[in-house]
Amino acid sequence: VAEKSALDYADYHPDIIRSTEENLAVLGSLQKAIEGNQLSLDYQPKVTLATGLIYGAEALLRWNHPTLGPLPPEAFIPRIEQSTLIQVVTDFSLEQAAKQVSSWQRAGLELPVAVNISTRNLLHPGFADQLAAMLERYTIDGTLLELEITEGALMTDMERTIEELNRMTQLQIIISIDDFGTGYSSLQYLHRLPISLIKIDQSFVRRCPADKGAVSIVEAAVTLAHNMGIKALAEGVENATVYHFLRDIGCDLAQGYLVSRPLSADEFFNWYHSLDGT
Ligand code: C2E
Ligand code: CA
Ligand code: CA
Ligand code: CA
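Because the structure is predicted, anything quoted here is derived from the model rather than measured. (Residues numbered from 1 in each chain as written. Chains lettered and ligands numbered in written order. Predicted model: local features only at pLDDT ≥ 70, side-chain atom pairs only at ≥ 80, totals over all residues. Heavy atoms only, no water.)

1. A few points about the packing of helix α6 (residues 127-137) against helix α8 (residues 158-170)
Each pair of packed helices can be summarised by the angle the axes make with each other and by the distance between the axes. Quick note on the threshold: For helices, the fitted line uses only the C-alpha atoms of the stretch in contact; every axis is such a line through C-alpha atoms, and the angle between N-to-C directions lies from 0 to 180 degrees. Helix numbering and strand numbering both begin at the N terminus, where a helix is a DSSP run of H or I of at least 4 residues and a strand a DSSP run of E of at least 2. The labels follow the angle: roughly parallel below 35 degrees, roughly antiparallel above 145, roughly perpendicular from 65 to 115, and oblique for the rest. Note on convention: near helix rotated counterclockwise from far helix by under a right angle means a left-handed crossing. Clockwise means right-handed. In what follows, residue pairs with any heavy atoms lying within 4.5 Å of each other are defined as contacts. Residues were grouped as follows: Ala, Val, Leu, Ile, Met, Phe, Trp, Tyr, Cys and Pro as nonpolar; Asp, Glu, Lys and Arg as charged; and all remaining residues, including Gly, as polar.
One way to put it is that α6 packs onto α8 with a least axis distance of 9 Å and a crossing angle of 15°. Judged on the interaxial angle alone, α8 and α6 are roughly parallel. Crossing of α6 over α8 shows right-handed handedness. Facing α6, whose interface residues are Phe127, Ala128, Asp129 and Leu131, α8 presents Glu164, Arg167 and Met168. A per-class count over the contact of α6 with α8 returns four nonpolar, no polar and three charged.

As structure tokens, this is what we get:
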């Protein structure tokens, strides 16, 4: 049964490209963007709340458009999710992230990098095989690749999704539920999914600890994760008050501007080394 109260907090996604013509023009140039190196990934750290130590990174897509300037993913991803272009974009993000994992590993930085996956990717025949081939190509362990999947994606075709996810966990790939609390996930299915992490949506996190409704949702999500024997991560942690609140209620991990904004690969590497003064 969907949580009605959770829906009241649903994310607001600004619609920055307004006209249809502009929309089509942007999509038409996406293919060229990939060929022309206009796409890149930024990396945002995830840290362990109790220790402040780094846990991993999330790869976030950036499009440096030649005329429109830097476009946030929400300006183009939702528009291509129903088309095969999303596969081209996801392939780009996966390849780029795998390349980065391998390059950081050679430089002595070993940590899981998470890539955002759309519903269409998940149910695309051969996706798990593609991931297996990619891990082999870059000689990286599945444990260093994490896939972030939204609740909506998981609910589209539950049986096939479970099958696909099980194949991915056989490769030791880490599976996380993204934007937790904003979808219609039926809680009774959650335990059937081979997930390692619940990422609590920032719309709830940001309202803590002042908003009692948000607090109870975040606490319930942490309890749910722990009852499943997995970790809870809070997204969008912007200040120390929220950070301490989360640590006190036993949330495991945090991600947000307080720790760091998304950084280029080089900035991320430098940020990591500045942590312990090495
Ligand atoms: P998401 O997966 O929920 O990613 C978190 C978003 O919150 C990111 O926005 C991140 O920059 C932002 N964020 C992180 N910390 C804070 C904070 O403390 N405060 C605030 N206000 N925001 C914070 P971004 O980078 O604009 O990405 C937006 C969405 O685009 C992502 O949401 C994800 O759904 C999608 N996306 C990003 N990269 C990819 C990709 O490679 N493939 C696909 N399919 N989707 C992607
Ligand atoms: Ca995500
Ligand atoms: Ca999220
Ligand atoms: Ca989101």
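Continuing now.
2. A closer look at the coordination of the calcium ion (ligand 2)
Threshold: Only nitrogen, oxygen and sulfur atoms count as donors, using a 2.8 Å cut-off from the metal that widens to 3.2 Å for Na, K and Ca. Water is left out, so coordination shells may look unfilled.
Here the calcium ion (ligand 2) is held by the protein donor atoms Glu58 (OE), Asn116 (OD1), Glu148 (OE) and Asp178 (OD), which lie 2.1 to 2.3 Å from it. Sequence positions of the donors to the calcium ion (ligand 2) reduce to the motif E-x57-N-x31-E-x29-D. Separating the calcium ion (ligand 2) from the calcium ion (ligand 3) is a gap of 3.9 Å, bridged by Asp178, which donates to each. With Asn116 in strand β4 (residues 113-117) and Asp178 in strand β6 (residues 174-180), this pair connects stretches of sequence that are 62 residues apart.

3. Observations concerning the pattern of salt bridges
Here is the rule we go by: Take a side-chain nitrogen of Lys or Arg and a carboxyl oxygen of Asp or Glu: if they are within 4 Å of each other, that pair is a salt bridge. The classification of residues rests on relative accessible area computed with a 1.4 Å probe and restricted to protein chains. Under 20% of the type maximum is buried, over 50% is exposed, and intermediate values are partly exposed.
Evaluated as defined, the whole model comprises nine salt bridges. Linking Asp42 and Arg62 is a salt bridge whose minimum nitrogen-to-oxygen distance equals 3.3 Å. Linking Asp42 in strand β1 (residues 39-48) with Arg62 in strand β2 (residues 54-65), this pair joins segments that are 20 residues apart in sequence. We classify Arg62 as partly exposed; its relative accessible area is 24%. The shortest N-O distance in the salt bridge between Asp129 and Arg167 comes to 2.6 Å. Of this pair, Asp129 sits in helix α6 while Arg167 sits in helix α8, placing them 38 residues apart in sequence. Taking relative accessible area as the criterion, Asp129 reaches 45% and is therefore assigned partly exposed.

4. Notes on helix α11 (residues 212-227)
This is how it is decided: Working rule for helices: expected span equals 1.5 Å times residues minus one. In this description, the arc belongs to the directions extending from the helix axis to the C-beta atoms.
Taking 1.5 Å as the rise per residue, α11 with 16 residues should run 22 Å; its terminal C-alpha atoms sit 22 Å apart, in good agreement. Those residues of α11 lying buried are Ala214, Val215, Ile217, Val218, Ala221, Val222 and Ala225. Looking straight down α11, one finds that the buried residues subtend no more than 165° of arc, so they occupy a single side. Turned more than 90 degrees from where α11 packs its buried face, Lys212 and Asn227 sit exposed. Remark: Gly229 follows α11 within two positions and exhibits a positive phi of approximately 75°.

5. Focus on the packing of aromatic side chains
Short version of the rule: Two rings from Phe, Tyr or Trp (for Trp, the six-membered ring) form a pair when their centres are within 6.5 Å of each other. A pair whose planes differ by under 30 degrees is stacked, one over 60 is edge-to-face, and the rest are tilted.
Following the criterion strictly, the structure yields five aromatic pairs and no others. Between Tyr43 and Phe268, the ring centres sit 6.5 Å apart and the planes meet at 65°, which makes this aromatic pair edge-to-face. With Tyr43 in strand β1 and Phe268 in helix α13 (residues 265-275), the pair connects residues that are 225 residues apart, well separated along the chain. Residue class for Tyr43 comes out buried when judged on its relative accessible area of 1%. Counting every residue linked through ring pairs, the aromatic cluster contains Tyr43, Trp104, Phe268 and Trp271.

6. Here's the deal with the coordination of the calcium ion (ligand 3)
For the calcium ion (ligand 3), the full set of protein donor atoms is Asp178 (OD), Asp179 (OD), Glu235 (OE) and Glu235 (OE), at a range of 2.2 to 2.6 Å. Between consecutive donor residues of the calcium ion (ligand 3), the sequence gaps follow D-D-x55-E. Owing to a relative accessible area of 22%, Asp179 belongs among the partly exposed residues under this scheme. Note on Glu235: relative accessible area 8%, which makes it buried.

7. As for the environment of Gln130
For Gln130, the position within the fold is in helix α6. Filtering out sequence-adjacent residues up to four positions away, Gln130 remains in contact with Asp91 and Leu94.

8. Structural notes on the environment of Leu123
Along the chain, Leu123 turns up in the loop between α5 (119-122) and α6. Spatially, the C-alpha atom of Leu123 lies 9.7 Å from that of Leu154, the residues being 31 residues apart in sequence.

9. What about the nonpolar core?
The following threshold applies: For our purposes a nonpolar core is just a set of buried Ala, Val, Leu, Ile, Met, Phe, Trp, Tyr and Cys residues, chained together by side-chain atoms within 4.5 Å.
The biggest cluster of nonpolar side chains holds 82 residues, and the ones touching the most others in it are Leu147, Met168 and Leu246. Top element by residues in this core is helix α4 (residues 85-106). It accounts for nine residues. Excluding residues within four positions of it along the chain, Leu246 makes contact with Leu49, Val205, Val218, Ala234, Val237 and Cys251.

10. Thoughts on the site of ligand 1
The condition is simple: Note on definitions. A residue lies near a molecule or strand when any single heavy atom of the residue is within 4 Å of it. As used in this structure description, the phrase polar contact means that two N or O atoms lie within 3.5 Å; if the pair is within protein, one of them must be able to donate a hydrogen and the other to accept it, and residues adjacent in sequence are counted only when both atoms belong to side chains. Computed by Shrake-Rupley with a 1.4 Å probe, the accessible areas treat only the displayed protein chains as cover when residues are assessed.
Taken together, 22 residues surround ligand 1, and among them Arg62, Ser93, Gln202, Glu238 and Tyr257 come closest. Between ligand 1 and Glu58, the relevant distance is 3.2 Å, taken from an oxygen atom to a side-chain nitrogen or oxygen of the residue. Ser93 places a polar side-chain atom, nitrogen or oxygen, 2.7 Å from an oxygen atom of ligand 1. Protein chains shield 85% of the accessible area of ligand 1, which is 810 Å² for the free molecule. Listing elements by their share of the shell around ligand 1, those giving two or more residues are β2 and β6. In terms of residue class, the shell around ligand 1 is built from seven nonpolar, seven polar and eight charged.

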